[in-house]
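Report on the structure
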Amino acid sequence: MKSSRQIYVYILVAFLSVFCAVVFPLVFRDPVFSPGKKDVLVQAGESGEISAVRIEDGFNIPVVLEKHGYSWVLVFDGNLIYPADNFKINDFVSGITEEKRILRPLSFYPADSDDGGHDFPVKITVYGENSTTAGIIRAGSSEAGGGFRYVKLPSGIFKTEDFFSVPGLSIESIAAVKNWIDRSPFRDVFSGQSHGNIQHMVFRDFAPGVDMESEAEGYATSFSANRDASMIGRIEDMISGIECSDITNIPLEKFFEIECTTGYDRRLVFSYGFIFSDGGVYGVVSESGRNWIAGAETVLELYNVCKSSIQTNL
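Analysis parameters
- Residues numbered from 1 in each chain as written.
- Predicted model: local features only at pLDDT ≥ 70, side-chain atom pairs only at ≥ 80, totals over all residues.
- Heavy atoms only, no water.
- Helix = DSSP H or I, 4+ residues; strand = E, 2+ residues; numbered from the N terminus.
- Buried < 20%, exposed > 50% of the residue type's maximum accessible area, 1.4 Å probe, protein only.
- Areas by Shrake-Rupley, 256 points an atom, 1.4 Å probe, with all protein chains shown as cover.
- Polar contact = N/O pair within 3.5 Å; in protein donor to acceptor, adjacent residues only side chain to side chain.
- Pairing = 2+ DSSP bridges.
- 1 Å grid on protein atoms, 1.4 Å probe; cavity = no way out; pocket = protein on both sides within 12 Å on 5 of 7 lines; lining within 4 Å.
- Points joined across faces, edges and corners; volume = space filled by probe spheres on them.
- Nonpolar A, V, L, I, M, F, W, Y, C, P; charged D, E, K, R; others polar.
- Arc of directions from axis to C-beta.
- Axes fitted to C-alpha atoms, helices over the stretch in contact; angles between N-to-C directions.
- Contact = heavy atoms within 4.5 Å.
- pLDDT = per-residue confidence, 0-100.

A look at the overall build of the chain
- Within the chain, the secondary structure is distributed over four helices and 17 strands.
- Of all 314 residues assigned to the chain, the portion counted as buried reaches 41%.
- In the structure as shown, the chain presents an accessible area of about 17500 Å², 53% of it carried by carbon and sulfur atoms.

What follows is the structure, given as structure tokens:
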């Protein structure tokens, strides 16, 4: 059996532990080190399911995320709609509405912070049903190395974990919308019962030095599924496999164009061009007025396949 002295020691240790747990928070009231409270950044429950999120920083075009049915889309430049990455957006939305998130209330805002102590450059407005505002978050910069972020809510200023830390998501620069888009937007465009495959294709070449022939705007050559099935299949695979890195509202100067008619009389026109910027060359794919940035080598390879097919058929 344990001696009376050991029992007294155990009791003393237990008493000191309880004393420290109760007294220390009362004496050392620095809110940064207080346990905080469980709260939510957005009171989504008051407005039903979240239907849209608007993110703006005052310098760039706002990023607007809208939920259409069960999928999210990104609205860029006011009216251009791009398919978004559903997994990342759902993860982000659930992150800012997580009931178990710990917010640490602050009675002051650090004057030596990166944004000058009073600036919250990122504004996030969350909407519920019928466009009802579910909450507004104003966020400052992330704390260097700490993984925390200062946020301003109607109830005060808080320090919380970085709710932009979801892999692949970063809106420090709203211009970096590549993190929100679906990077393979054409992967299902030629497959599935609702689309069918290419039955007829027209290739138009606007490259410098190309003789104007069949059509006034450039050299045009037609292909049919019956005669050129192998080549059209390869074109389908190449377009479906395009992986885009970003989107842009820069007007496209066409290099070449592919017009596709599917078995369900769906007409798709893909235009291709290049952007020259800071010594770099970027390929651009345009479809339904939306411009996607892809690898320049991808655009050039597709062009060469079409050109070689023309030469083979001659």
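Side note on the side chain of Glu287
- By the secondary structure assignment, Glu287 is in strand S16 (residues 280-287).
- A polar atom in the side chain of Glu287 sits 2.8 Å from the side chain of Arg290.

Points about the pairing of strand S3 (residues 63-68)
- Sheet topology note: the strand S2 (residues 52-56)/S3 ladder contains four bridges and is antiparallel. Note that in S3 the partner of Ile55 across the bridge is Val63.
- The hairpin formed by S2 and S3 contains six residues between the paired strands, and Gly58 there has a positive phi angle of roughly 85 degrees.
- As defined by bridge partners, S3 adjoins strand S4 (residues 71-76) across five bridges and the pair is classed as antiparallel. Each residue of the ladder has a partner; that of Lys67, found in S4, is Trp72.
- Between S3 and S4, which pair antiparallel one after the other, the connecting turn spans two residues, and Gly69 there sits at a positive phi close to 70 degrees.

Comments concerning the layout of surface pockets
- Approximately 240 Å³ is the volume found for the largest pocket.
- Along its surface, the largest pocket is lined by eleven residues, and Pro185, Phe186, Val189, Arg266 and Arg290 are the ones closest to its centre.
- Its residues assigned to classes, the lining of the largest pocket comprises four nonpolar, two polar and five charged.

Digging into unusual backbone geometry
- Even without a glycine there, the phi angle at Ser288 is positive, about 55 degrees.
- Within the secondary structure layout, Ser288 lies in the loop between S16 and strand S17 (290-295).

Concerning helix H2 (residues 86-96)
- Within the sequence span of H2, burial applies to Lys88, Ile89, Phe92, Val93, Gly95 and Ile96. Down the axis of H2, the buried side of the element spans an arc of 160 degrees, and every buried residue falls inside it.
- Structurally, the start of H2 carries an N-cap: the backbone nitrogen of Phe87 is 3.2 Å from a side-chain oxygen of Asp85.

Some words on the pairing of strand S14 (residues 254-262)
- Counting buried positions over the nine residues of S14 gives seven, a clear majority of the element.
- Taken together, the seven bridges between S14 and strand S15 (residues 267-277) define a ladder with antiparallel strand orientation. Note that in S15 the partner of Glu257 across the bridge is Ser271.
- The antiparallel pairing of S14 with S15 creates a hairpin that spans four residues between the two strands, and Asp265 there sits at a positive phi of about 60 degrees.

Here's the deal with the sheet that holds S17
- Strand order in the open sheet formed by seven strands is S12-S11-S14-S15-S16-S17-S13, with antiparallel pairing between adjacent strands. Each edge of the open sheet is held by one strand with a lone partner, namely strand S12 (219-224) and strand S13 (246-248). On average, each strand axis in the sheet is inclined to that of its neighbour by 25 degrees, with strand direction left out of account.
- Packing of helix H3 (residues 229-240) onto the sheet brings it into contact with strand S11 (198-205), S12, S14 and S15, and relative to S11 it is tilted by some 75 degrees.

Thoughts on the confidence of the model for the chain
- In this model, the chain carries a mean pLDDT of 76, and residues with pLDDT of at least 70 account for 68%.
- Across the chain, the secondary-structure element scoring lowest on mean pLDDT is helix H1 (residues 4-27), at 60, and the one scoring highest is S17, at 92.
- Across residues 27-34, confidence stays below pLDDT 50; counting only partners more than four residues off in sequence or on other chains, it has nine contacts.
- Taken as a whole, residues 111-116 scores under 50 in pLDDT and shows seven contacts with residues more than four places along the chain or in a different chain.

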